[in-house]
Amino acid sequence: MRPNKHPQLSLERHSRKWYNGRMTSSQLAERIGATHQGTVVELSHVASFSAASAGALVFVEHPRFLHDAIASAASAVIIPANSEIPADPSAAAPSALPPKAFLRCSNPRLAFALAAEELNRQAFCEGGIDASALIDPSAELHPTVCVDELAVIGPDVRIGPRTHIGPGCILLSGVVIGSDCTLVARVTIYSGTTLADRVIVQAGAVLGGDGFGFVPDPATGRYHKFPQIGRLEIGSDVEIGANTTIDRGALDATTIADGVKLDNLVQVGHNVHIGRNVVIASQTGISGSSILEDNVIVGGQDGLGDHVRIESGVILGAQSGVPSKKVVRGSGVLFWGTPARPIAEYLKELATLARLTRKKRAPAS
Amino acid sequence: MRPNKHPQLSLERHSRKWYNGRMTSSQLAERIGATHQGTVVELSHVASFSAASAGALVFVEHPRFLHDAIASAASAVIIPANSEIPADPSAAAPSALPPKAFLRCSNPRLAFALAAEELNRQAFCEGGIDASALIDPSAELHPTVCVDELAVIGPDVRIGPRTHIGPGCILLSGVVIGSDCTLVARVTIYSGTTLADRVIVQAGAVLGGDGFGFVPDPATGRYHKFPQIGRLEIGSDVEIGANTTIDRGALDATTIADGVKLDNLVQVGHNVHIGRNVVIASQTGISGSSILEDNVIVGGQDGLGDHVRIESGVILGAQSGVPSKKVVRGSGVLFWGTPARPIAEYLKELATLARLTRKKRAPAS
Amino acid sequence: MRPNKHPQLSLERHSRKWYNGRMTSSQLAERIGATHQGTVVELSHVASFSAASAGALVFVEHPRFLHDAIASAASAVIIPANSEIPADPSAAAPSALPPKAFLRCSNPRLAFALAAEELNRQAFCEGGIDASALIDPSAELHPTVCVDELAVIGPDVRIGPRTHIGPGCILLSGVVIGSDCTLVARVTIYSGTTLADRVIVQAGAVLGGDGFGFVPDPATGRYHKFPQIGRLEIGSDVEIGANTTIDRGALDATTIADGVKLDNLVQVGHNVHIGRNVVIASQTGISGSSILEDNVIVGGQDGLGDHVRIESGVILGAQSGVPSKKVVRGSGVLFWGTPARPIAEYLKELATLARLTRKKRAPAS
């Protein structure tokens, strides 16, 4: 194996170190609203049964998996309300096992997600800024910020407490990021973009890029770039998928409200407004100036024209299309197809077409 | 706040500085074909009303917005031909305002776009190449080229006057880029790619990647990579969106003619030819060896099979599909659906299906 | 032209050098199962006719192109079984040409692909690791590994013989890569990902990112991130396109079997399993926990819901959709549309709809 050629860089880089959050199982139970049983143990991370080691928390949705959980190397198990714990849990396991904590709750899956959030919140990085990161002197980083290898932080950038800027991220001038955010790696953020708190951005995402706006010159048939000088405002608790692109507004702002979740390879055009807790699956595209109200759910590969309004609580099935300027309304109603219509209607039309096609063929056979 | 650990790098980096273009309002009026009225002022950038400051140019499409423009901190306003300027513009504003220039023209939106182009053309970077950029000694960069942090410029690359290579861009060996281009950030360009002048490439785009070509071996069922060793030739005044991918030709060339505008997350396959002033919206995919003639407009999420020909002036609606080898013809005709057909036909078919579905249901109710 | 400012870095960087593979035409003929005729020459690369130079191998699929091949500067030509070589090949060419080798075989296109693979396999890099790459001291790289500019190799990464890590690639902690792989540039690989041998990854791809999994809290309407802590296992001879994203499993693994080819901008969700020699064209999306069995062919922009099973040998036409939990079955059968159905059925339905639409219009005209 080849020795590393850059001991001076690596040494300093290596002095940066991540620590898992640590919490007792009883503290964690209290935070996630679970009832604690068994031994109080120290926890540092969540895991699957097979990958679990000391300090790990696993979860069980059905009592029938409890035996496997007990047999794992995990230190604690989230169990559903109706589970019976064996009097001596180690008796249920094939070999000697460490004592375990049990966290009983009504929604184990949600409890597992909340537990991971709690433990992640306690995780921290010692050492701060990698020696290879390039930080403009005018940038203001909270002392608890962690910046990884070869990140570039431009002039007048501001970053809040405990935010983690992964390797290769590029923050152009004036970007503002709140607390407890994670930019995993190689994220690019243009000027004029703000992220609030607890935002997670997966690798390769491009935030605040120029929107697609051109003005045709009738005399020449050529298109001239309309200035894309607006802002992108991203709320708290937002997650943005890998290689997703969100354009900033042309003159005003594109806005993504609190709690929005965007999958990979999603496109959000300029001046779009996305409401709270909207969920958008992969490869969906939203054209300029469209509005998605709170709690909308959008399937994969959906296409929304410009100036569309999807009203609160609508569910759009995968591969649906909404033509420009349309309004889609109906909380909890599932729409499907292009143009998107209530699924009952869509399915009836499919059935009608199939029936008529068979009928036509019948006499000929 | 944490002090920067790399004063020597940052210092040198900081000695690079961008300057806005500067022009008097009367010079600019002449360049964009507008009539100048009011005070001659110095201009440096375009802005929205709310973000405007001294040196800013704003625009008004309708006279009813003129009052707001006058009340802004902008130094100049583009106004439509039919606007009446108040005798004393400052009287129309709530407080003391700087004197303003008015640029009267028939198409304010186009004038605003042209003005931004003029001002951008005057912008320049002092200091050239960031200390952290890696430039191969065999690369030839014009002295006015600007290279940002951590860009990698490979052997035999050539870059023309005033081109700006943003942070984290990677230009593999032999790439040729003309004058006045902007690669915003983290753009990757493979060998065999040429860009002409005034090309803008948004972050994350991949230009000249290997096309998707494999030869099945009937004896084994395995696919073997067909060499992808052709070229990618991009004309002048092209814009390419964030995370868009354009493959180079397998043996010959993929070509993108002058004035083409590609949105984010577009895919262009190997050996495709795109004509002048073609506009393609987000998430559209164009398969290998297809041809789009001049002035074609392609909506979002369209899918074009291989060896398709879209003739000059065709408009393809969003989410449409064109099967392999098809020809679509009709300048100014809007096509829709899969397979793409004239929109009148498409809408009639939708209506027929809805009517037949209702009819069938009627007796049952 | 501006001199490079970093002689110390560039010098070391420049000491790394790529060498083409070199092989005699008779050796190569033997490897690819062709019959050798003419002069034995040394070969180093494949090329098109127009780009060919000494050492180049070109190919001819039809005898009618043989004259052009002979007239090129290539050193050798792959020809189909039924080609007649002129007694004096140079007589067929307009000017003095170097002596040529002829490699006769039944499938010239496949032979050309195999020849490129053979020559690439002999190519090597002298010098190893660029001075600007950041390698964690705990990473284990085989001495023949090549690492380009500004790549970041995290703790406990392992990389096998002759693998090439291109510029700007980021390998997070614990990534394992086999032998003879190529990561072209700016590839990001998350922890928990393994690549076997001869894998090619185009620029901008993101491997092993967090899947899109959230648990709604009914009490608040908010979504909480379900831990995405599983693995991504990629087999041998896989190719992954530019800006494609493949998520790792939530708790278990996403798996991509040997010989899979993914085009650009493809999305593969968490816990998906893709079988051997599956080919997936650009912009297709595969939702979580779906299974594609061996030898499936998937067209561009297809959308597969979650928990779908596409059985062995199915062919899905472009822009097709498969709803959640559906099974698609039929080796060699071409499916089309949404929901995907056999193409004969799909085309009949299209025809029915067109006929009924015309009929309705007829009386009105």
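The model shown is predicted, which means the values in this text are computed figures rather than measured ones.

A. Summary view of the overall build of chain A. Regarding its fold elements, chain A presents 5 helices and 42 strands. Dimensions of chain A, computed from C-alpha atoms along their principal axes, come out at roughly 80 × 70 × 45 Å. Residues counted as buried form 57% of the 365 residues belonging to chain A. Here the contacts in chain A between residues at least 6 apart in sequence split such that 28% fall between residues at least 24 apart.

B. Structural context of the interface of chain A and chain B. The partner chain B presents 53 residues to the 51 residues of chain A that form the contact. A per-element tally of the side of chain A that touches chain B places helix α5 (residues 343-364) of chain A first, with 5 residues. Of the residues belonging to the side of chain A that touches chain B, the class tally is 23 nonpolar, 19 polar and 9 charged.

C. Spotlight on unusual backbone geometry. Omega for the bond connecting B:Thr338 with B:Pro339 falls within 30 degrees of zero, at -5°, which places this linkage in the cis form. Turning to its location among the elements, B:Pro339 is positioned in the loop between β41 (334-336) and β42 (341-342). One non-glycine residue with positive phi stands out, namely C:Lys325, at about 70°. By the element assignment, C:Lys325 lies in the loop between β39 (321-322) and β40 (327-328). Residue C:Lys325 is classed as exposed on the basis of its 12 C-beta neighbours within 10 Å.

D. Examining helix α2 (residues 25-32) of chain B more closely. All names here are of chain B. Every buried residue of α2 is accounted for by Ser 25, Leu 28, Ala 29 and Ile 32. The arc that holds the buried residues of α2, viewed along the axis, is 105°, so those residues lie on one side. Close packing links the buried residues of α2 with β2 (23-24), β3 (35-38), β4 (42-43), β7 (76-80), β8 (101-105) and α4 (108-122). Following α2 by one or two positions, Gly 33 has its phi on the positive side, about 75°.

E. Quick peek at the domain arrangement of chain A. Each domain of chain A was delimited in the assignment, giving domain 1 (18-124) and domain 2 (128-344). Taken over C-alpha atoms, the centre of domain 1 of chain A sits 35 Å from the centre of domain 2 of chain A.

F. Layout of the relation of the copies chain A and chain B. Once turned by 120° and shifted 0.0 Å along the axis, chain A lies on chain B with an RMSD of 0.1 Å. Taken together, the rotation and translation describe the operation of a three-fold axis. Each copy contacts the other with its own distinct surface, as only 16% of the interface residues of chain A are interface residues in chain B too.

G. Representation of the interface of chain C and chain A within the structure. On the side of chain A, 54 residues touch chain C, which itself brings 53 residues to the contact. For the side of chain C that touches chain A, the secondary structure elements donating two or more residues are β10 (134-135), β11 (140-141), β22 (206-209), β23 (214-217), β24 (222-225) and α5 (343-364) of chain C.

H. The environment of C:Phe124, seen in detail. Residues and elements named next belong to chain C. As for its placement among the helices and strands, Phe 124 is situated in strand β9 (residues 124-126). On the basis of neighbour counts, which here come to 14 C-beta atoms within 10 Å, the residue Phe 124 falls in the partly exposed class. With 106 residues separating them in the primary sequence, Phe 124 and Trp 18 have C-alpha atoms 5.8 Å apart. Excluding anything up to four places from it in sequence, Phe 124 contacts Tyr 19 and Arg 162.

I. Representation of the sheet that holds strand β31 (residues 273-274) of chain B within the structure. Residues and elements named next belong to chain B. Strands sit in the order β11-β14-β17-β20-β25-β28-β31-β34-β37-β40 across an open sheet of 10 strands; the sheet is parallel. One side of each edge strand has no neighbouring strand; the edge strands of this open sheet are β11 (140-141) and β40 (327-328). In the sheet, β31 pairs with strand β34 (residues 291-292) via 2 bridges, with the strands oriented parallel. Bridged to Ile 274 within β34 is Leu 292.

J. Spatial organisation of the pairing of β24(C). Residues and elements named next belong to chain C. When β23 meets β24, the two strands line up antiparallel, connected through 4 bridges. Considered in β24, the bridge of Pro 216 is made with Tyr 223. Linkage of β23 to β24, two consecutive antiparallel strands, is achieved through a turn of 4 residues, within which Gly 221 is found at a positive phi near 75°.

K. Just the relation of the copies chain C and chain A, in detail. Mapping chain C onto chain A is achieved by rotating through 120° and translating by 0.0 Å along the same axis, at an RMSD of 0.1 Å. Taken together, the interface assignments show that only 15% of the residues at the interface of chain C recur at the interface of chain A, consistent with different surfaces on the two copies.

L. Layout of the environment of A:Arg186. With respect to the helices, strands and loops of the structure, A:Arg186 is situated in the loop between β18 (182-183) and β19 (188-189). When the 30 C-beta atoms within 10 Å are taken as the criterion, A:Arg186 is described as buried. Between the C-alpha atoms of A:Arg186 and A:Ala242, which are 56 residues apart in sequence, the distance is 9.8 Å. Those residues within four positions of A:Arg186 in sequence are excluded, and the remaining contacts are A:Gly168, A:Cys169, A:Ala203, A:Gly204, C:Ile170 and C:Thr188.

Calculation criteria
Residues numbered from 1 in each chain as written. Chains lettered and ligands numbered in written order. Predicted model: local features only at pLDDT ≥ 70, side-chain atom pairs only at ≥ 80, totals over all residues. Helix = DSSP H or I, 4+ residues; strand = E, 2+ residues; numbered from the N terminus. Buried ≥ 20, exposed ≤ 12 C-beta atoms within 10 Å, placed from the backbone. Contact = placed C-beta atoms within 7 Å. Nonpolar A, V, L, I, M, F, W, Y, C, P; charged D, E, K, R; others polar. Arc of directions from axis to C-beta. Domains from an automatic or database assignment. Least-squares fit on C-alpha atoms with pLDDT ≥ 70 in both. Pairing = 2+ DSSP bridges.

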